[in-house]
Amino acid sequence: MSQDNIQSTLHEDRRFPPSTDFINGSALSSSKVNELNLKSKGDNQEFWAQQARTEIDWHTPFETTLDSSNAPFYRWFPDGQLNASYNCLDRQLEKNADKTAIIFEGDAGDVQHITYRELHAQVCTFANALKAQGIAQGDRVIIYMPMISEAVIAMQACARIGAIHSVVFGGFSASSLKDRIEDTQAKMVITADGGHRGGKVIELKSTTDSALNAGCDSVKSVIVFKRTGHDISMQADRDIWWADAEKGQTSECEPTWVDATHPLFLLYTSGSTGKPKGIQHSTGGYLLNAITTMRWVFDIQNSDVFWCTADVGWITGHTYVAYGPLATGATIVIFEGVPTYPDAGRFWDMCERHSVSIFYTAPTAIRALIKQGDDYPNSHDLSKLRLLGTVGEPINPEAWMWYHTVIGKERCPIVDTWWQTETGAHMLAPVPSVTVTKPGSCTLALPGIDAAIVNQEGEEITTANEGGYLVIRKPWPSMIQTVWGDDQRYKDTYWPYFDGKFYLAGDSARRDEDGYFWIMGRIDDVLNVSGHRLGTMEIESALVANSLVAEAAVVGKPHDVKGESVFAYVVLKGERPEGGVDNELTQTLRAWVGEQIGAIAKPDEIRYADNLPKTRSGKIMRRLLRTIAKGEEITSDTSTLENESILPQLQGKA
Ligand code: WT7
């Protein structure tokens, strides 16, 4: 662990208490929140047990709250049984059957409302179709879909029959899809012919075909939803249209009751080394925190229209699109397209037309929209909004203030929510009716969450504003269960220090005088591009896999919209291009990385050098490369460099 980046420079003195109007309209009073905090600080396990009894409909109630006998493989509610889909859908039927569950809007503006009754029927019908295709409890199913209602229906249908879904973001390449299929040994892929984004057709079926043609013997069938209607090829013995798979199936499907510890899903996320990790989540504990955070952080109420703009390919789209809001009976918005099509007013236009009251998006989207000017938001009626949220990376105070004034009209609290794929749900976030917010801070730990900043010895740092490692000291219900198929990697990645006592988040952070958390960055070689984690190693491996490339090093460079951009230094097998630039080659390598991983990982800039800066012991000097990428002056000692003459090449000066 290196501590040289743990140093804080940000000072922010503005304070934003919730308005009286918000407090009066909130479901959570400050006394209720105090009670939650007190209880959780008393008997933490009993606190979660009570929440679990209240918030979840159990088929078999649990008797054991937490099994720590095989730590760090903590198992919550191990003898309880439930079904996630039952908790999302069936239990809404009594009071909310005719309430809108999903407001879907397509890229082209087509709108569809689905009630809880209809959603329940569609999920059951599709669940029966999955069974008819031979999918049973514990089988893995890959979902590679556009952002349409059917993606959620597919997830819920898997949950209903105890199949383990693994959603792959529709922007990922055939090669990334193949890796995930092979790692999960999935029996089925659910996809669509394609999707629409920004007026263009996104290929999904043909990408699936490329992945499957490259191996993936575990896959026995592919279900294809017809979304675009463009030409695709169907393989007779393997592929079946969604509508055909549903033929003859009834809309009744008894849920499969599973243990609380049964994996609900796997979701792949990048690490600093190796291939993406299949983060395994439980059913009971996961669902519990999806629900509690919907109440505590989003203050969800029956009249709310809740829009989380994340794609179901990310954890945010799992917890705050597919599960949390439905389990709390909310109306959600699902949007297929992009924020800038047909123009940069799309989000605000949709907020107005669908009367969105809670809006949750990423700082990168906010920054992109700020650039488009205030006329877009100002020409829409945003008066239904009452709460705003952000996730994915620290939000810079200027973007926070814009969100607060131009979107929230100084009326809506902003919940800056810190969490991770691995944590399953919000960990550090304001309770909007209670917490005074500060632009740029994710504020405090939620009830039941024991977060701290520690030094290398695992001792809590109590000096205000001194940076350290963000850790969670007590297990929490929605925590990662393991890395799929790799228990050792789970232990090594998340519990490597402090005698395996604390969960290591991989972020550095500080706490201010009021105990507020400020996230400072990652402690490993992981980039945060547009709110998504990318391992530098992964991109380097992709580059090196190209026959022209001998060696590559990738670092992040601060970017005013994406947060970080991908900056690559490449050593070619052949001659270095004259002057260190070759636009054609750069385009080729960018496209190559796009094919290997997905467009999100394409290097924004590439510099060519005769070799990479290394220490005498052969370690790439990443800090030096980051300094050069930023265009900053080199102040560190470069005398240990094997070949100092490459510095001007790396700087693009030779
Ligand atoms: C990493 C997790 C959880 C959904 C989105 C990303 C960063 C996330 C915040 C925030 C500062 C944040 C952290 C974290 N991050 N939210 N509110 N403030 N940083 O999920 O891909 O699992 O990435 O995103 O670095 O470790 P993910």
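Residues numbered from 1 in each chain as written. Predicted model: local features only at pLDDT ≥ 70, side-chain atom pairs only at ≥ 80, totals over all residues. Heavy atoms only, no water.

What follows is about the overall build of the chain. Across its full length, the chain carries 21 helices and 30 strands. Scaling as 2.2 N^0.38, a compact globule of 654 residues should have a C-alpha radius of gyration of about 26 Å, and the chain matches this with 24 Å. On the principal axes, the C-alpha backbone points of the chain span a range of 75 × 65 × 60 Å. Counting contacts in the chain only where the partners sit at least 6 residues apart, residues at least 24 apart contribute 71% of the total. As presented, the chain carries roughly 24,700 Å² of accessible surface, and 45% of it is formed by carbon and sulfur atoms. The centroid of the 61 positive side-chain charges in the chain is displaced by 1 Å from the centroid of its 84 negative side-chain charges. (Helix = DSSP H or I, 4+ residues; strand = E, 2+ residues; numbered from the N terminus. Rg over C-alpha atoms; globule rule 2.2 N^0.38 Å. Contact = heavy atoms within 4.5 Å. Areas by Shrake-Rupley, 256 points an atom, 1.4 Å probe, with all protein chains shown as cover. Lys, Arg positive; Asp, Glu negative; His and termini not counted. Charge placed at Lys NZ, Arg CZ, Asp CG, Glu CD.)

What follows is about the site of the ligand. Lining the immediate environment of the ligand, one finds 18 residues, of which Asp416, Thr417, Thr421, Asp507 and Arg533 sit closest. Taking Asp416, its side chain carries an N or O atom lying 2.7 Å from a nitrogen atom of the ligand. One of the side-chain N or O atoms of Thr421 is found 2.5 Å from an oxygen atom in the ligand. Burial of the ligand by the protein amounts to 95% of the accessible area it has alone, namely 550 Å². At the level of elements, α12 (315-327), β20 (414-417) and β25 (517-522) are the ones that each hand at least two residues to the shell around the ligand. Along the lines of polarity and charge, the residues of the shell around the ligand split into six nonpolar, seven polar and five charged. (Near = heavy atom within 4 Å. Polar contact = N/O pair within 3.5 Å; in protein donor to acceptor, adjacent residues only side chain to side chain. Nonpolar A, V, L, I, M, F, W, Y, C, P; charged D, E, K, R; others polar.)

To continue, consider the nonpolar core. By size, the foremost hydrophobic cluster in this structure holds 156 residues, and its most contacted members are Phe126, Leu130, Ile190, Tyr323, Leu470 and Val570. Of the residues forming this core, the biggest block, nine residues, is contributed by helix α7 (residues 149-161). Here this core gathers at least three residues from each of two domains, domain 1 (1-24 + 69-83 + 264-520) and domain 2 (546-650). Once residues within four sequence positions are removed from consideration, Tyr323 is found in contact with Ala84, Cys88, Met155, Gln156, Ala159, His165, Leu264, Tyr286, Leu287 and His318. Listed in part, the 29 residues of the second largest apolar core include Trp348, Ala399, Cys412 and Ile414. (Core = buried A, V, L, I, M, F, W, Y, C linked by side-chain atoms within 4.5 Å. Buried < 20%, exposed > 50% of the residue type's maximum accessible area, 1.4 Å probe, protein only. Domains from an automatic or database assignment.)

This next bit is on the pattern of salt bridges. On inspection of all chains with the given rule, the structure shows 39 salt bridges. Asp209 serves as the salt-bridge partner of Lys205, at 2.7 Å between the closest nitrogen and oxygen. Of this pair, Lys205 and Asp209 both sit in helix α9 (residues 205-213), four residues apart, roughly one helical turn. Residues Lys205 and Asp209 agree in their burial class; the two are buried. Arg522 is the salt-bridge partner of Asp507, the closest N and O atoms lying 3.2 Å from each other. A residue pair is termed long-range when its members are at least 10 positions apart, and Asp507 in strand β24 (residues 503-511) and Arg522 in strand β25 qualify at 15 residues. There is no split in this pair, since Asp507 and Arg522 are both buried. Within this structure, Arg15, Lys438, Asp512 and Asp514 form a network of salt bridges that share partners. (Salt bridge = Lys/Arg side-chain N within 4 Å of Asp/Glu carboxyl O.)

On to the sheet that holds strand β16 (residues 305-308). Paired through their backbone hydrogen bonds, the strands of a sheet run either parallel or antiparallel. Spatial ordering of the open sheet is given by β5-β4-β17-β16-β18-β19-β20, a layout of seven strands whose pairing is mixed. Pairing within the sheet leaves two strands with one partner each, and these edge strands are β5 (111-115) and β20. Direction aside, neighbouring strands of the sheet carry axes that sit 20° apart on average. Of the pairings in the sheet, the one linking strand β4 (residues 100-105) to β5 comprises five bridges and is antiparallel in character. (Pairing = 2+ DSSP bridges. Axes fitted to C-alpha atoms, helices over the stretch in contact; angles between N-to-C directions.)

Attention shifts here to the sheet that holds strand β22 (residues 468-472). Spatially, β21-β22-β24-β25 is the arrangement adopted by the four strands of the open sheet, whose pairing is antiparallel. Looking at strand neighbours, the two that pair on one side only are β21 (451-454) and β25, the edges of this open sheet. The average undirected angle you get between the axes of adjacent strands in this sheet is 45°. Across four bridges, β22 lies against β24 in antiparallel orientation. Its bridge partner being in β24, Tyr469 is matched across the sheet by Ser508.

With that out of the way, let us pick up the domain arrangement of the chain. Looking at the chain, the domain boundaries give domain 1 (1-24 + 69-83 + 264-520) and domain 2 (546-650). Taken together, the seven residues of domain 1 in the interface contact six residues of domain 2. Overall, the association of domain 1 and domain 2 removes approximately 480 Å² of surface from exposure, summing both partners, and the carbon and sulfur fraction of that is 51%. Counting across the interface, domain 1 meets domain 2 through one salt bridge. (Buried area = accessible area lost by both parts, 1.4 Å probe.)

Here we come to the environment of Val333. Mapped onto the elements, Val333 comes out in strand β17 (residues 331-335). By relative accessible area, which is 2% here, Val333 ends up buried. Beyond its immediate stretch of four places on either side in the chain, Val333 contacts Ile103, Val305, Phe306, Trp307, Cys308, Met350, His354 and Val356.

Quick look at the state of the cysteines now. Enumeration over the complete set of coordinates arrives at zero disulfides. Sulfur of Cys88: no disulfide; nearest cysteine sulfur belongs to Cys124 and is 12 Å away. Summary of cysteine pairing: Cys351 is not part of a disulfide, and the nearest cysteine sulfur, belonging to Cys412, is at 10 Å. (Disulfide = S-S within 2.5 Å.)

On to helix α16 (residues 397-407), then. Where burial is concerned, most of α16 is hidden: nine out of the eleven residues are buried. All buried positions along α16 are accounted for by Pro397, Ala399, Trp400, Met401, Trp402, Tyr403, His404, Val406 and Ile407. Close packing links the buried residues of α16 with α13 (346-353), β18 (358-361), α14 (363-370), α15 (375-378), β19 (387-391) and β20.

Here the focus is the packing of aromatic side chains. Considering all chains together, one arrives at 39 aromatic pairs under this definition. Ring plane angle 50° and centroid distance 5.8 Å describe the contact between Tyr74 and Trp495, whose orientation is recorded as tilted. Of this pair, Tyr74 sits in the loop between β1 (66-67) and β2 (75-76) while Trp495 sits in the loop between α17 (487-494) and β24, and the two are 421 residues apart along the sequence. Trp495 sits in the buried class, given a relative accessible area of 7%. Connected via pairs of aromatic rings, a cluster forms that spans Phe73, Tyr74, Trp476, Tyr490, Tyr494, Trp495 and Tyr503. Over the ring of Phe172 we find Arg180; its NZ or CZ atom is 4.7 Å from the centre of that ring. Above the ring of Tyr516, the side-chain terminus of Lys438 is found at 4.2 Å from the ring centroid. (Phe/Tyr/Trp six-rings, centres within 6.5 Å; stacked < 30°, edge-to-face > 60°. Lys NZ or Arg CZ within 6 Å of the ring centre and 35° of its normal.)

This part takes up the packing of helix α8 (residues 174-184) against α9. Running from N to C, α8 and α9 cross one another at 55°; their axes reach a closest spacing of 8 Å. On the basis of their axis angle, the class for α8 and α9 is oblique. Relative to α9, the crossing made by α8 is right-handed. Contact residues: α8 offers Ala174, Leu177, Lys178 and Ile181, while α9 offers Thr207, Thr208, Ser210, Ala211 and Leu212. Here the residues of the contact of α8 with α9 sort into five nonpolar, three polar and one charged. (Parallel < 35°, antiparallel > 145°, perpendicular 65-115°, else oblique. Left-handed = near helix turned anticlockwise from the far one by under 90°.)

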